[in-house]
Amino acid sequence: MTKISNLSLITIFILLISCGSKSSDNVTNDEYTKIDYVQNDCDNQVSFGDISICLMNIDGMKECYSNPLVKVYMDQFKIAQNDIFGIYLNDNVYSEVEKLGEFPFDDYFKVYSMAVIKNMSLDHEKLEFIALETERAFTKKWTDLESLLKKSKINDLGISFDRPIILESHWPNKDIKSYVCLAKIESNGVSDFLVMTLNLALIKDKVIFYAYYKHYDGQESIEKAKAKSDYFGLKFYEANS
C-alpha cells in the first residue's frame, strides 16, 4: 500500500472513531455522479440487530463491500466497535478494484454503525445526543481521540494529522444530521487535504452513519461534496422508510 493512498484511509479512521488524496492521477469523477433511485431497488441488504438495511443501487457507483478485495482493504482500518454495511466506489475506481491500495482515490461512501447500539431502540432525542457527542469529539475530546490513535497500528505508518475542522453542520431532513469537515494529513512531508461529510441518520429506530470523501480543491469541492452527500442520504433514508 502506498503512502499516498494511506492518507485517505487514515482520514476515514479519524472520523469513524467519533461515532483519496491529492494527485494528478486520482481515479475520480469530477462531475456529479447521477443517482438513479428506484423504490426497493436494493443492491444489497444487510442485517443490524433486528432490522434490515437496504443499500440501494446508484447509477455511476458500485456497492462492493462484499467484494473480498474491497473488504480486506477497508477492514485494515476498521475498529472493532464499528460494523461496516456498505462501501460505494465510483465506477472508475471499481474498474481498477484489483489494484486497490496502489493508487489514491476519492469520491466514495461508507455506510456503517456502532456495534454497541445494535440491539438498542433509539429515538430523535438519542440521535441529537449522539450527534452532539460526535461534534465534541472534534473539539473538546480531540486529545482523547489522539491518544486512542497512538495506541493503534496507525501509529506505525509515519502519518501525522491535525484536528479536522467542522466547516458547517445542518439537517438534510428531521432525522439526518450532517457535518461537513476539512482535514489536513501529512506523510513524509507530503500534505493532503480532504473534504468529508459525516452523517447520522435515524433509520428504523437505529442510528446509522454514512460518510463521503472527496479531495479538497477549493469551495466548489465543498459544495459538490455537500450536495452529493445530502442526495445520497435522502435516498438512503427513503429506501429504508
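Computed from a predicted model, the values in this text were never measured in an experiment. Every chain begins its residue count from 1, and numbering advances along the sequence as written. For this predicted model, a pLDDT threshold of at least 70 governs which residues receive local features, and a threshold of 80 or more governs which side-chain atom pairs are given and counted, while totals over whole chains, interfaces and linings are taken from all residues. Only hydrogens and water are set aside when side-chain values are computed; all heavy atoms of the structure are taken into account.

(A) Local environment of the pattern of salt bridges. By convention in these notes, a salt bridge is any Lys or Arg side-chain nitrogen within 4 Å of a carboxyl oxygen on Asp or Glu. Here the structure, examined in full by the defined rule, presents nine salt bridges. Residue Lys71 is joined to Asp75 by a salt bridge in which the shortest nitrogen-to-oxygen separation is 3.0 Å. Here Lys71 and its partner Asp75 are both found in helix H2 (residues 68-75), four residues apart, which amounts to about one turn of the helix. One salt bridge in this structure joins Lys174 and Asp175, with 2.7 Å as the shortest N-O distance. A relative accessible area of 8% means that Asp175 is categorised as buried. Every helix listed is a DSSP run of H or I at least four residues long, and every strand listed is a run of E at least two residues long, numbered separately from the N terminus. Categorising residues by exposure relies on relative accessible area from a 1.4 Å probe, with only protein chains included: less than 20% of the type maximum marks a residue as buried, more than 50% marks it as exposed, and the intermediate range marks it as partly exposed.

(B) Layout of helix H4 (residues 124-137). In this model H4 runs 20 Å from its N-terminal to its C-terminal C-alpha over 14 residues, within 8% of the 20 Å that 1.5 Å per residue would give. Taken together, the buried positions of H4 are occupied by Leu127, Ile130, Ala131, Thr134 and Ala137. Buried residues in H4, looked at end-on, bunch into an arc of 115 degrees, giving them a common side. In this structure, H4 carries Glu125 and Phe129 as exposed residues pointing more than 90 degrees from its buried face. Polar contact criterion, stated in full: a pair of N or O atoms within 3.5 Å, where within protein one must be able to donate a hydrogen and the other to accept it, and residues adjacent in sequence count only if both atoms are side-chain atoms. Looking at where H4 begins, the residue whose side-chain oxygen comes 3.2 Å from the main-chain nitrogen of Glu125 is Asp123. Expected helix span is taken as 1.5 Å per residue step, with the number of steps being one fewer than the number of residues. Note that the arc is computed from the directions linking the helix axis to the C-beta atoms.

(C) The arrangement of the environment of Gly86 in detail. Looking at the secondary structure, you find Gly86 in strand S4 (residues 82-90). Placed 124 residues apart in sequence, Gly86 and Tyr210 show a C-alpha to C-alpha distance of 9.1 Å. Throughout, a residue-residue contact means that at least one pair of heavy atoms, one from each residue, lies within 4.5 Å. With near-sequence residues (within four places) excluded, Gly86 lies in contact with Leu55, Glu63, Tyr65, Phe109, Lys110 and Val111.

(D) Structural detail: unusual backbone geometry. One non-glycine residue, Lys204, adopts positive backbone phi at about 50 degrees. As for its placement among the helices and strands, Lys204 is situated in the loop between strand S9 (190-203) and strand S10 (206-215). For Lys204, a relative accessible area of 40% puts it in the partly exposed group. Even without being glycine, Asp205 reaches a positive phi, approximately 65 degrees. Residue placement: Asp205 occurs in the loop between S9 and S10.

(E) Up close: H2. The set of residues buried in H2 consists of Val70, Tyr73 and Met74. Each buried residue of H2 sits inside an arc of 90 degrees when the element is viewed along its axis, so together they form one side. Exposed side of H2, more than 90 degrees from the buried face: Pro68 and Val72 are the residues found there. With a side-chain oxygen positioned 2.8 Å from the backbone nitrogen of Leu69, the residue opening H2 is Asn67.

(F) How the structure looks around the packing of aromatic side chains. Aromatic rings from Phe, Tyr and Trp, taking only the six-membered ring of Trp, are treated as a pair when their centres fall within 6.5 Å; an angle between ring planes under 30 degrees marks them as stacked, one over 60 as edge-to-face, and anything in between as tilted. Inspection of the entire model under this criterion finds 12 aromatic pairs. Residues Phe103 and Phe105 carry aromatic rings whose centres are separated by 6.1 Å and whose planes lie at 55 degrees to one another, so their mutual orientation is tilted. An identical accessibility class is assigned to Phe103 and Phe105; each is buried. One aromatic cluster in this structure is built from Tyr88, Phe109, Tyr210, Tyr212, Phe232 and Phe236.

(G) Quick look at the nonpolar core. Within this scheme, the nonpolar core is defined by two criteria: the residues are buried Ala, Val, Leu, Ile, Met, Phe, Trp, Tyr or Cys, and they are joined through side-chain atoms within 4.5 Å. Ile53, Tyr88, Phe105, Val111, Val207, Phe232 and Phe236 are the most contacted members of the largest nonpolar core, which has 61 residues in total. Looking at this core element by element, the count peaks at eight residues for S9.

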